[in-house]
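The lines below spell out each chain.
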Amino acid sequence: MISRDLTNLYLKDFNVLSETVYMCWHNSFCHKTKQLNEEKLRAQIRLQGFYQFKKNHGKALPLSFRDRLKFKAFSWANCITNSIPENTLSNRSELYLKAIAEVEQNLLVLRNKNERIAYAKMLINSFNKGHVYNLDVDENLLNFRIKELFLYIIDHNFVKEDNVTGLGFEEEVYPVYKLTVELINHFDFIDKLINAFIHFDISIAKHAREANCNLFMFQDTLTELNTTYNKQSIVVPKFQSFLSDECLIKIMQHLIQKNLLGNTNSDIWLYWFNRKPIKSPETLKWNKSNTLLSNIIQHLCGESIALTVKTAFCTKVYVKPTKRKYERSRMYKEIEQIIIISNKKNA
């Protein structure tokens, strides 16, 4: 007879996690612009509070968390895990790891493959919370929106900018939000669950697809973006700037000359600034640091929208601008000079 005590406890936690993630999306998604409002989403993540680590958490793990947390099924998330501090998200006493141990033990107890498949389907049904996201939109677009949300929640970079005091965190050790930890741990649970059944020649992913259950494994980011943006019903995010077309083109030429921006033409450049329609737009290529890219976009637009930067420059990485440092740089002064000369001509 199999045991389900620990698994049921974890599934109860998962119900809360699923609803929380949905509410974060619901409260921060702008249906007018078809984009997540980053400030609202950050506020939603902060509202969930900080993760309460176990008292014995400081004990050394056999392997560092970063080395352990290299997803197989959720490889799309691996680009984010390097921003997570070492040994801060999980240890051997976590409930989801105890639940996985219970599942592995049950697989040994079950007598044959048919019983194990029935067990797999029972678990899949428990994780099928797809009805929460059952919106009347294209499936590829829905997957893109969910993935966009997940990536932002598990990205730890923006936490470093929060001025958190009085929480017992040492200098240069940043807090980790509760929702971030719970979502990563859930992906770790599903990743381990898939691998546990693979040992018995059973594909959880296959049975999940047959049951129309989304395990959120997703396609490769670039393939997914290209597939998504080829659909006419989708609003592609664009930069918004008060600068003239002529000024933007001069800045583009300056960036190319400085080998910051890959060779492109003015039509494509202006397309991403919402000035010129193109049926099959190409993405832009950035040759230097992502911090400089964010700073320049903020300089041109007054703000730097993460999704637009990632889309236009076809990158998984977004770094928040360092405005004060950038404004002391030579690049800032050069671009500012182009803007001033352009404004004088148009005055």
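The coordinates are above.
Described below are features of the structure shown in this document.

Parameters at a glance
- Residues numbered from 1 in each chain as written.
- Predicted model: local features only at pLDDT ≥ 70, side-chain atom pairs only at ≥ 80, totals over all residues.
- Heavy atoms only, no water.
- Helix = DSSP H or I, 4+ residues; strand = E, 2+ residues; numbered from the N terminus.
- Buried < 20%, exposed > 50% of the residue type's maximum accessible area, 1.4 Å probe, protein only.
- Contact = heavy atoms within 4.5 Å.
- Areas by Shrake-Rupley, 256 points an atom, 1.4 Å probe, with all protein chains shown as cover.
- Expected span 1.5 Å × (residues − 1).
- Polar contact = N/O pair within 3.5 Å; in protein donor to acceptor, adjacent residues only side chain to side chain.
- Phe/Tyr/Trp six-rings, centres within 6.5 Å; stacked < 30°, edge-to-face > 60°.
- Lys NZ or Arg CZ within 6 Å of the ring centre and 35° of its normal.
- Salt bridge = Lys/Arg side-chain N within 4 Å of Asp/Glu carboxyl O.
- Axes fitted to C-alpha atoms, helices over the stretch in contact; angles between N-to-C directions.
- Parallel < 35°, antiparallel > 145°, perpendicular 65-115°, else oblique.
- Nonpolar A, V, L, I, M, F, W, Y, C, P; charged D, E, K, R; others polar.
- Core = buried A, V, L, I, M, F, W, Y, C linked by side-chain atoms within 4.5 Å.

**A look at the overall build of the protein chain**
For step 1, the next point in the chain: Each helix and strand in the protein chain was counted, giving 16 helices and two strands.
For step 2, the next point in the chain: Evaluated residue by residue, the protein chain yields a buried proportion of 47% over its 347 residues.
For step 3, the next point in the chain: Long-range pairs, those at least 24 residues apart, make up 74% of the contacts in the protein chain with a sequence separation of at least 6.
For step 4, the next point in the chain: In the structure as shown, the protein chain presents an accessible area of about 19000 Å², 50% of it carried by carbon and sulfur atoms.

**Digging into the environment of Ala 99**
For step 1, the next point in the chain: Among the secondary structure elements, Ala 99 is positioned in helix α5 (residues 95-109).
For step 2, the next point in the chain: Ignoring anything within four residues of it in the chain, the contact list for Ala 99 reads Leu 6, Thr 7, Tyr 10 and Phe 189.

**Notes on helix α6 (residues 113-127)**
For step 1, the next point in the chain: With 15 residues, α6 extends 21 Å between its outermost C-alpha atoms, agreeing within 8% with the 21 Å of an ideal straight helix rising 1.5 Å per residue.
For step 2, the next point in the chain: If you follow the buried residues of α6, they end up packed against α1 (5-28), α5, α8 (178-198) and α9 (204-210).
For step 3, the next point in the chain: For α6, the N-terminal cap is Asn 112; the gap from its side-chain oxygen to the backbone nitrogen of Asn 114 is 3.2 Å.

**Topic: the packing of aromatic side chains**
For step 1, the next point in the chain: Per the counting criterion, the structure on display carries 15 aromatic pairs.
For step 2, the next point in the chain: Both rings, one in Phe 71 and one in Phe 74, keep their centres 6.0 Å apart while their planes meet at 75°; by these two values the pair is edge-to-face. The same class applies to Phe 71 and to Phe 74, which are both buried.
For step 3, the next point in the chain: Three or more aromatic residues joined by ring pairs form one cluster here, namely Phe 71, Phe 74, Trp 76, Phe 150, Phe 187 and Phe 216.
For step 4, the next point in the chain: Taking the ring centre of Tyr 271 as reference, the NZ or CZ of Lys 238 above it sits at 4.2 Å.

**Here's the deal with the pattern of salt bridges**
For step 1, the next point in the chain: What the rule picks out here adds up to nine salt bridges.
For step 2, the next point in the chain: As a salt-bridge pair, Lys 276 and Asp 267 come within 2.9 Å of each other at their nearest N and O atoms.
For step 3, the next point in the chain: Sharing partners across several salt bridges, the network here consists of Lys 258, Arg 330 and Glu 334.

**Focus on the packing of α1 against α6**
For step 1, the next point in the chain: Two elements in contact, α1 and α6, have axes whose closest approach is 10 Å; the angle formed by their N-to-C orientations is 25°. Between α1 and α6, the angle falls in the class roughly parallel. Two secondary-structure elements touch here, α1 through Thr 7, Tyr 10, Leu 11 and Phe 14 and α6 through Leu 123, Ser 126 and Phe 127.
For step 2, the next point in the chain: A class-by-class count of the residues in the contact of α1 with α6 yields five nonpolar, two polar and no charged.

**Quick word on the nonpolar core**
For step 1, the next point in the chain: One finds Trp 76, Phe 150, Phe 189, Leu 193 and Phe 197 to be the most contacted residues of the largest nonpolar core, which totals 56 residues.
For step 2, the next point in the chain: Elements with a minimum of two residues in this core: α1, α2 (38-47), α5, α6, α7 (139-154), α8 and α9.
For step 3, the next point in the chain: Sequence-distant contacts of Leu 193, that is, excluding residues within four places in its chain, are made with Ile 100, Val 103, Leu 123, Phe 127 and Ile 204.
For step 4, the next point in the chain: Among the nonpolar cores identified, the runner-up in size contains 35 residues, and Cys 247, Met 252, Leu 261 and Met 331 belong to it.

**Brief notes about the side chain of Ser 126**
For step 1, the next point in the chain: Within the secondary structure, Ser 126 sits in helix α6.
For step 2, the next point in the chain: In terms of polar contacts, Ser 126 uses its side chain to reach the backbone carbonyl oxygen of Met 122, at 3.1 Å.
For step 3, the next point in the chain: Contacts of Ser 126, omitting those with residues within four sequence positions, involve Arg 4, Leu 11 and Phe 14.

**Notes on unusual backbone geometry**
For step 1, the next point in the chain: Although it is not a glycine, Asn 259 adopts a positive phi angle of roughly 60°.
For step 2, the next point in the chain: Following the sequence through the fold, Asn 259 ends up in the loop between α11 (245-257) and α12 (266-271).
For step 3, the next point in the chain: Note on Asn 259: relative accessible area 46%, which makes it partly exposed.
For step 4, the next point in the chain: In this structure, Asn 274 takes a positive phi of about 65° despite not being glycine.
For step 5, the next point in the chain: Tracing the sequence through the fold places Asn 274 in the loop between α12 and α13 (290-301).

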